[in-house]
Amino acid sequence: MPYELFYHAKIQGRGEFVRLALEDAGADYIDVARGGDAGTAAMFALINGEDVARPPFAPPFLRDGDMLIAQTANILHYLGPRIGLAPDDDASRLFLLQVQLTVTDFIKDIHDTHHPIANSLYFEEQIEAAKLAAAKFIELRLPKYMGYFEKILARNPAGRYICGGGITYADLSMFQLVQGLRYAFPNAFAKVESNYPRLIALHDEVAQRPRLKAYLASERRIPFNEMGIFRKYPVLDA
Ligand SMILES: N[C@@H](CCC(=O)N[C@@H](CS)C(=O)NCC(=O)O)C(=O)O
């Protein structure tokens, strides 16, 4: 049975962290909502259906047989050892979950640069607050998170990866962070990239992984756009 990934059809968003893992592993999966309106309806039926046991709060979520698993970090924690992108010892799995949950926090900070007041308002309705949020994000939060990830890489005695001597899903997430920051904040991020040499080297290595390279060049990789997490608004890119 293929894994079924449920996520919005037109954005990379949080679902992309799961897509990258499934693609890199060569896993058999269906990106359900990208199958058309019926797929999107199936996704919302699982969120809102009255008869769904243990329903997810929001996409992304994954169905594997009878299991319905939500929360990006939790999905990757489940998938990692099953698709060869995490060791199966507890210490490594929990460390990877810790890193991925930190990515989740970082993603919320990134999202809040363009929606600092409310999700339900358009960007254009909160643009002044967004300018301040983005400036503070660039000054304080971006270096704090990226510095933390760089430190983890520096302190791994086993290799140039987040955990142990091989690639895990957390390394793929580092790749996605670098890609997204380059897209959303091309000026601001270019100024500080050299502070994160290990992260950039990891990004470059991940980009060359054959299955990922093929995915990135394919139509399955949705281009960044102004509906996702990473949005290019020049007015926020000081
Ligand atoms: N912490 C969750 C957040 C999930 C989430 O916020 N999903 C967004 C799409 S990226 C959504 O559809 N949210 C609906 C809502 O917050 O009402 C995760 O990392 O998966």
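The shown structure was predicted, so the numbers you read here are calculated from the model rather than taken from an experiment.

### Structural notes on the overall build of the protein chain
Right, on to step 1. Of the regular secondary structure elements, the protein chain holds nine helices and four strands.
Right, on to step 2. Starting at the N terminus and walking to the C terminus, you meet the elements of the protein chain as β-α-β-α-β-β-α-α-α-α-α-α-α.
Right, on to step 3. Taken over C-alpha atoms, the radius of gyration comes to 18 Å for the protein chain, in line with the 18 Å a tight globule of 238 residues would show.
Right, on to step 4. Seen through its principal axes, the protein chain has C-alpha atoms that stretch 50 × 45 × 30 Å.
Right, on to step 5. Each of the 238 residues in the protein chain was classed as buried or not, and the buried ones make up 35%.
Right, on to step 6. The long-range fraction of contacts in the protein chain, counting pairs at least 24 apart against all pairs at least 6 apart in sequence, stands at 67%.

### Comments concerning the pairing of strand E3 (residues 61-64)
Right, on to step 1. Note: strand E1 (residues 3-6) against E3, three bridges, orientation antiparallel. Its bridge partner being in E3, Leu 5 is matched across the sheet by Leu 62.
Right, on to step 2. Between E3 and strand E4 (residues 67-70), which pair antiparallel one after the other, the connecting turn spans two residues, and Gly 65 there sits at a positive phi close to 65°.

### Focus on the sheet that holds E3
Right, on to step 1. Strand order in this open sheet of four strands is E2-E1-E3-E4, and the pairing throughout is mixed. Strand pairing shows two members of the sheet lacking a second neighbour, strand E2 (29-31) and E4, which therefore form its edges. Between one strand axis and the next, the sheet turns through 20° on average, direction left out of account.
Right, on to step 2. Here four bridges tie E3 to E4, and the two strands are oriented antiparallel to one another. Each residue of the ladder has a partner; that of Phe 61, found in E4, is Ala 70.
Right, on to step 3. Helix-sheet contacts for helix H1 (residues 15-25) involve E1, E2 and E3, and the interaxial angle to E1 is about 155°.
Right, on to step 4. The sheet contacts of helix H3 (residues 72-82) involve E3 and E4, and relative to E4 the element is tilted by about 130°.

### Considerations on the environment of Arg 14
Right, on to step 1. Within the fold, Arg 14 resides in the loop between E1 and H1.
Right, on to step 2. On the basis of neighbour count, Arg 14 is assigned to the buried category, with 23 C-beta atoms found within 10 Å.
Right, on to step 3. A sequence separation of 93 residues divides Arg 14 from Ile 107, and the C-alpha atoms of the two residues are 8.2 Å apart.
Right, on to step 4. Look past the residues within four positions of Arg 14 in its chain and what remains in contact with it is Pro 60, Thr 72, Ile 107 and Ile 229.

### Structural notes on helix H6 (residues 169-184)
Right, on to step 1. The end-to-end C-alpha separation of H6 is 22 Å, in line with the 22 Å expected for 16 residues at 1.5 Å each.
Right, on to step 2. Counting buried residues along H6, 13 of its 16 residues qualify, which places the element largely inside the surrounding structure.

### Remarks on the packing of helix H5 (residues 127-154) against helix H8 (residues 197-207)
Right, on to step 1. In contact at an axis separation of 8 Å, H5 and H8 are set at 80° when each is read in the N-to-C sense. In terms of orientation, H5 lies roughly perpendicular with respect to H8. Between H5, through Met 146, Phe 149, Glu 150, Leu 153 and Ala 154, and H8, the contact on the second element is made entirely by Arg 198, Leu 199 and Leu 202.

### Thoughts on the nonpolar core
Right, on to step 1. Counting residues in hydrophobic clusters, the biggest one holds 60 residues, and the most contacted among them are Leu 5, Ala 21 and Met 174.
Right, on to step 2. For this core, the secondary-structure elements that each account for two or more residues are E1, H1, E3, H3, helix H4 (90-114), H5, H6 and H8.
Right, on to step 3. Beyond its immediate stretch of four places on either side in the chain, Leu 5 contacts Gly 15, Val 18, Arg 19, Leu 22, Tyr 29, Asp 31, Val 32, Pro 60 and Leu 62.

### Let's talk about unusual backbone geometry
Right, on to step 1. Residue Pro 60 is reached from Pro 59 by a cis peptide bond, and omega for that bond is 5°.
Right, on to step 2. Inspection of the secondary structure puts Pro 60 in the loop between helix H2 (37-48) and E3.
Right, on to step 3. Despite not being glycine, Arg 54 has its phi angle at roughly 50°, a positive value.
Right, on to step 4. Tracing the chain through its elements places Arg 54 in the loop between H2 and E3.
Right, on to step 5. With a phi close to 80°, Gln 71 is a non-glycine residue in the positive phi region.
Right, on to step 6. One can find Gln 71 in the loop between E4 and H3.

### Considerations on the packing of H4 against H6
In a pair of packed helices, the angle between the axes and the distance between the axes together describe the arrangement.
Right, on to step 1. Where H4 meets H6, the closest approach of the two axes is 9 Å, and the angle between their N-to-C directions is 20°. The pairing of H4 with H6 is recorded here as roughly parallel in orientation. Along this stretch, H4 crosses H6, giving a crossing that reads as left-handed. Counting all contacts with H4, which are made through Leu 96, Val 99, Gln 100 and Val 103, the residues of H6 involved are Tyr 169, Ala 170, Ser 173 and Leu 177.
Right, on to step 2. A breakdown of the residues in the contact of H4 with H6 according to their chemical character gives six nonpolar, two polar and no charged.

What counts and how
- Residues numbered from 1 in each chain as written.
- Predicted model: local features only at pLDDT ≥ 70, side-chain atom pairs only at ≥ 80, totals over all residues.
- Helix = DSSP H or I, 4+ residues; strand = E, 2+ residues; numbered from the N terminus.
- Rg over C-alpha atoms; globule rule 2.2 N^0.38 Å.
- Buried ≥ 20, exposed ≤ 12 C-beta atoms within 10 Å, placed from the backbone.
- Contact = placed C-beta atoms within 7 Å.
- Pairing = 2+ DSSP bridges.
- Axes fitted to C-alpha atoms, helices over the stretch in contact; angles between N-to-C directions.
- Expected span 1.5 Å × (residues − 1).
- Parallel < 35°, antiparallel > 145°, perpendicular 65-115°, else oblique.
- Core = buried A, V, L, I, M, F, W, Y, C linked by C-beta atoms within 7 Å.
- Left-handed = near helix turned anticlockwise from the far one by under 90°.
- Nonpolar A, V, L, I, M, F, W, Y, C, P; charged D, E, K, R; others polar.

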